[in-house]
Structures are given as C-alpha cells and as structure tokens.
Amino acid sequence: MKLGFISILTVASFFSCHAQVKNQEVVKKVPVKNNITDKQLMDKVQKDALKYFWEYAEPHSMLGRERYHEDDIYPHNDKHVVTTGGSGFGLATILVGVERGFVSRKEAVKRLTTMMDFLAKADRFKGAWSHWINGETGKTVPFGKKDNGGDLVETAFLTSGILMVREYFKNGNAEEKALAKKCDELWKGIQWNWYTKGSEKVLYWHWSPEYQWEMNFPLQGYNECMITYILAASSPTYSIDAETYYKGWTRSGTFLSDKTKYDLPMYVKHNFAEEYGGPLFWAHYSYIGLDPTGLSDKLIKNYFDLNKNQVLIDYKYCVENPKQWKGYGPNYWGLTASYSRNEDGTTGYNAHFPQNDQGIISPTAALSSFPYSPKESMEFLKFIYTQKPEFIGSAGPYDATSINYNNWFTPRYLAIDQGTIAPMIENYRTGFLWKLFMNAPEIQQGLKKLSFQSTKYGIK
C-alpha cells in the first residue's frame, strides 16, 4: 500500500477503488471452544489465512487476488485483478502451508510453477511488475492514472517471496529444481538500478513508459519500503551501491529519532507519524523474509527492537484508549491500514494508526506482530476466535472489525493484509521463512555491502 509519500491522514480518498457498500447479514457462528491450546489456535489461524491464497486465488494466474469478498459484491468488477505485493506474501504463506502439511508439496510445486510462468509473461517495466495485473491476461491494471507502469515496492514484496520459493525448492527433485530456476530468472531480470533514474542516490517507487517519472515518489525512510533497498543492493545483475541506501533510504542519516513514547525509544522518524509510529504493517511487510533479530547497520543497533517498540507503542496506545472506544484493551488491539468503516456505516479504506484512530481494529495488525509481541498477540488471537466468532470468516479473521460500532465488520479480505498472518506467525514459531531468505547467498552479500551485521546469521 502506498503510504510512504502521501499523507496517510487522507489515504482513504487515494484508495477510491475500495467498496462503499453496506455490511451484509451473515449466519450466526459458533466460537472456537475455550479449551483450545495455543498451538492449535496458531495452526488454525495459519490454515485459515492460507485459504485466501489456496482456495480463493485468481483461477488463471493462481496469484493472490487484490481482494476477496465473501458477499461476492465487487463494485469495481475487479475480482480478476491480482496484486503483486500481496501475491509475494501469498508465496510465503503457501510455503508455510507446505512446511506445516496443510497442502501437499507436489500440489504446491504445480501451482507455484503456474504462478512463475504467468509472471514471466506478464507486463514488466525494466523487469519490475505493476501494482495490479489482470489475472486473466497478464496486462497491467492501472493503480492510478499515472501509476500504470513498474511499481518497485510491490515488486520487492513479490520478489522476497520468489526468493524464498527458490531457496526452499532449489535442492529438490527435477520439477522443484525447474521451479527454482524459473524463480532465479525472474529475480535476475529486475533492473533495480534503473529506478534511481539512472544515477540519483535514491530509489524511486514508479516508472511508466507513458508517464516516465511523473509519479516522483522517492523511497525515503521510514516506512514499509526497506526491503526494496535490501533486494536492490543484493541483485547480482542490476545492483545499487551502499551510498544509495544511506543517502536515499536513511535521508543521509536524518531519519534517526531520539523521541520516546510510553518510555520506549522510537529510534527512527516514521514518515507522517513521528509521535507514535505508523500503521503496524510497517513492522511486517519488509520482514516476512528479512530477519530483524540482531540485525544492525551503520545507524540502527537492532532492527528487532525498532519493530518491537513500534508494536508495543501501538498496543499501549490501544490499552490506554484515549478516545474511549468500546472494546479496546489488552485482548483487542492493533491499528494498521485496512478496510474501514465510514461514518455512514459503509465499507471504505483507511490507514489506521494512533494519530488516525477511527475505532477500527484490523486483526492482521496484532496477528502479524507475533514475533514482537507474542503474549499480547496471543491474547488477541484467543479473544477473537473464542469470543468474537462473527469476526471470523472463510479465510480467517475479517479485514476490519469494530466492537465500538455494535460489533461491525466487513465480510471482506485484502491480500496484502491476510498474506502477512501465516508467515509472521511462522517466523515467531520456527523462524522458517527468515532462515530461507537470510541464507540466500545474494542476500548475505547484499547485506554485507550495506554494512549490515547479523549476530544470528554470522553476517559481519
């Protein structure tokens, strides 16, 4: 979601593509029994989230749809539109499904091969994919008038998943090795350095053959985009240098912050959200594969602490509940970008964070924060499954909920939100995806190039 360079207070108008329809009546549901174990609950929510990318995938490309609506109402007739970033999280989710035995390895290889073949033929712009793609034709679906070309950030989220698929299957049987080879070729075809406008010491989000650089969004921290620089520096074919990372992403070091909230250091200035930090997806999207544990660079001593503090500040804000929303508390918390409730009760979209708190809790916020807040996230998971069955649908917790507004929810899902749940819970449980990504040879070299160190993976 493009929240780094526009005011996230006005993001709802930017996302005019989202539905504005009334909530639907649903059949009364039975909650999960209170005696369910923590392990069983984590298994269940991971398996439920997998359904988004397995049972409800776009049927031709097999990629993740931008949105899946249980009510089958698509006001913009976009059921066939797939999202590149959300599909990257979907790749990671499918790997979790294989590793946990939720889906067969053979079926996963078959489906993943279809996905890679589709991506190879889909529209690309100097190797990068667009934000949205027509899942039936492979043609770009404009995200906005001038946003009709390459989207480097969405491409990065997708590429992170592609690399993890490659690493998981590269030493397998003939079909698995062939899949890994397809992944490798897609990764090596992305011209990351083109997106510096050729020579500037900063990456740009977009490039379009029709509008060139008119979108003009430089990737400067801190938001969800860090993985873009890691991948760009790691590319064996079209790499950027370390100066681009430090001058561009860190704003020559000026993105550092000495502020605290609830006695927790912020470490960095979150774009447009310096007091409390941004929406919680900023602690998730770049870290599906990039392991922040013991990870440092020239400016930040431990990225895990940075993310953990952002999550705990959000948690403490929700517990403090200065706006007195009904329901907020230790077992019902988490603000991030998601579907939302408009004032008239219809479904819209908003970037929820403490400075833009609308009384809407997005389940992905707490659930995808398991590595940073296991106790608090588990309390949320238990509560929503055992006490709020109306908030659970066919693919897990719905995208947006509100106890305050008479248990309002929207029976809808977004790939970019549902796709982080299973991967981040798995990273908490076993570190599975982190190990795949961090042990990729190019990633290790790229991190070293940027002067990163990792005590966990021996990167110095």
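Residues numbered from 1 in each chain as written. Predicted model: local features only at pLDDT ≥ 70, side-chain atom pairs only at ≥ 80, totals over all residues. Heavy atoms only, no water.

1. Here we look at the overall build of the protein
Quick reminder of the rule: Strands here mean DSSP runs of E at least two residues long; helices mean DSSP runs of H or I at least four residues long; both are numbered from the N terminus. Values of the radius of gyration come from C-alpha atoms, whereas the globule rule sets the reference at 2.2 Å times the count of residues to the power 0.38. Any two residues whose heavy atoms approach within 4.5 Å are treated as being in contact. Per-residue accessibility takes into account occlusion by the displayed protein chains alone, with areas from the Shrake-Rupley method and a 1.4 Å probe. Under the convention used here, Asp and Glu are negative, Lys and Arg are positive, and both His and the chain ends fall outside the count. A charge is said to be at NZ when it belongs to Lys, at CZ for Arg, at CG for Asp and at CD for Glu.
Looking only at helices and strands, the protein features 15 helices and 17 strands. For 460 residues, the compact-globule formula gives about 23 Å, and the C-alpha radius of gyration of the protein, at 20 Å, lands near that figure. Counting only C-alpha atoms, the protein reaches 55 × 50 × 45 Å along its principal axes. Sequence separation of 24 or more characterises 69% of the internal contacts of the protein that already satisfy a separation of 6 or more. Here the protein has roughly 16400 Å² of accessible surface; of this, 48% comes from carbon and sulfur atoms. For the protein, the centre of its 53 positive side-chain charges and the centre of its 49 negative side-chain charges are spaced 4 Å apart.

2. Points about helix α2 (residues 38-54)
Three or four residues apart is the spacing at which side chains of an α-helix point the same way, because the helix has 3.6 residues per turn. Selection rule: By this rule the span expected of a helix is its residue count minus one, scaled by 1.5 Å. Partly exposed describes any residue whose relative accessible area lies between the buried limit of under 20% and the exposed limit of over 50%, with all areas from a 1.4 Å probe on protein chains only and scaled to the type maximum.
Helix length check: α2 (17 residues) gives 24 Å between terminal C-alpha atoms against 24 Å at 1.5 Å per residue, within 8%. For α2, every residue scored as buried is listed here: Leu 41, Met 42, Asp 43, Val 45, Gln 46, Asp 48, Ala 49, Leu 50, Tyr 52, Phe 53 and Trp 54.

3. Quick word on the side chain of Ser 402
Heads up, the condition is: N or O atoms closer than or at 3.5 Å make up a polar contact, with two conditions inside protein: a donor-capable atom paired with an acceptor-capable one, and, for residues adjacent in sequence, both atoms drawn from side chains.
The residue Ser 402 is located in strand β14 (residues 401-402) in this model. You can call Ser 402 buried: its relative accessible area is 0%. For Ser 402, the side chain forms a polar contact with the main-chain oxygen of Gly 359, separated by 2.9 Å. Leaving out residues up to four positions away in the same chain, Ser 402 has contacts with Tyr 332, Gly 359, Ile 360, Phe 391, Asn 407 and Trp 408.

4. Remarks on the pattern of salt bridges
A side chain of one charge can pair with a side chain of the opposite charge if their charged atoms are brought near each other. To keep things clear, this is the line we draw: Only one rule defines a salt bridge in this text: a Lys or Arg side-chain nitrogen within 4 Å of an Asp or Glu carboxyl oxygen.
Tallied over the full model, the rule gives 27 salt bridges. When the shortest N-O distance is used, the salt bridge between Asp 38 and Lys 382 registers 3.4 Å. Here Asp 38, found in helix α2, pairs with Lys 382, found in helix α11 (residues 374-386); they are 344 residues apart in sequence, far enough to count as distant. Take Asp 38: its relative accessible area is 32%, and that puts it in the partly exposed class. Among the ionic pairs, Lys 201 bridges to Asp 241, the shortest N-O distance being 2.6 Å. Of the two residues, Lys 201 is situated in the loop between α6 (174-188) and β6 (206-207) and Asp 241 in the loop between α7 (226-234) and α8 (242-249); the sequence distance between them amounts to 40 residues.

5. Details of the packing of helix α3 (residues 84-100) against helix α5 (residues 152-169)
Basically, it comes down to this: Note on definitions: angles span 0 to 180 degrees between N-to-C directions of axes, and those axes are lines fitted to C-alpha atoms, for helices only across the stretch in contact. An angle below 35 degrees is read as roughly parallel, one above 145 as roughly antiparallel, one from 65 to 115 as roughly perpendicular, and any other as oblique. Each crossing gets its hand from how the near helix is turned against the far one by less than a right angle, where anticlockwise is left-handed and clockwise is right-handed.
In contact at an axis separation of 6 Å, α3 and α5 are set at 25 degrees when each is read in the N-to-C sense. In terms of orientation, α3 lies roughly parallel with respect to α5. The interaxial crossing formed by α3 with α5 has left-handed handedness. Contacts between α3 and α5 pair Thr 84, Gly 85, Gly 86, Ser 87, Gly 88, Phe 89, Leu 91, Ala 92, Leu 95, Val 98 and Glu 99 from the former with Glu 154, Phe 157, Leu 158, Gly 161, Ile 162, Met 164, Val 165, Tyr 168 and Phe 169 from the latter.

6. A few points about the confidence of the model for the protein
Residues shown with low pLDDT carry predicted positions that ought not to be read at fine detail. Just so we agree on the cut-off: You can read pLDDT as the predictor saying how much it trusts each residue, on a scale of 0 to 100.
Here the protein averages 94 in pLDDT, while 94% of its residues score no lower than 70. The low-confidence segment residues 1-27 (pLDDT under 50) makes 97 contacts with residues lying over four places distant or belonging to another chain.

7. Re the side chain of Arg 166
Along the chain, Arg 166 falls in helix α5. Here Asp 184 takes part through its side chain, which lies 2.8 Å from a polar atom of the side chain of Arg 166. Once residues within four sequence positions are removed from consideration, Arg 166 is found in contact with Ala 180, Cys 183, Asp 184, Trp 187, Ala 440, Pro 441 and Glu 442.

8. Brief notes about the packing of aromatic side chains
The cut-off we apply is this: Only the six-membered ring of Trp is used, alongside the rings of Phe and Tyr, when aromatic pairs are assigned; centres must lie within 6.5 Å, and planes under 30 degrees apart are stacked while those over 60 apart are edge-to-face, with the rest tilted. Here, a charge over a ring means that NZ of Lys or CZ of Arg falls within 6 Å of the ring centre while also lying within 35 degrees of the ring normal.
Counted under the stated rule, the structure contains 38 aromatic pairs. For the ring pair Phe 157 and Tyr 285, a centre distance of 5.3 Å and an interplane angle of 75 degrees mean the geometry is edge-to-face. In this pair, Phe 157 sits in helix α5 while Tyr 285 sits in the loop between β8 (264-265) and β9 (295-296), placing the two residues 128 residues apart along the sequence. Side by side, Phe 157 and Tyr 285 carry an identical accessibility label, which is buried. One Lys or Arg, Arg 341, reaches over the ring of Tyr 405 and ends 4.0 Å from the middle of that ring.

9. Some words on the UniProt feature "domain: Glycoamylase-like" (unreviewed entry) in the protein
Counted only if it meets this: UniProt positions are given in the numbering used here, feature names are shortened, and annotations may be inferred rather than shown by experiment.
Residues given the UniProt feature "domain: Glycoamylase-like" (unreviewed entry) here are residues 216-440. Along residues 216-440, the helical share is 32% and the strand share 12%, with 32 Å between the first and last C-alpha atoms.

10. Notes on the sheet that holds strand β4 (residues 140-141)
Sheets are built from strands that pair by backbone hydrogen bonding, the pairs being arranged parallel or antiparallel. Put simply, the rule reads: Should DSSP find at least two bridges between two strands, the strands are taken to pair.
The antiparallel open sheet is built from three strands, whose spatial order is β2-β3-β4. In the strand order of this sheet, the two ends are held by β2 (81-83) and β4, each with one partner. With two bridges joining them, strand β3 (residues 132-134) and β4 adopt antiparallel strand pairing. For Ile 133, the partnering residue across the bridge sits in β4 and is Thr 140. Contacts from α3 reach β2 and β3, with the element oriented near 65 degrees to β2.

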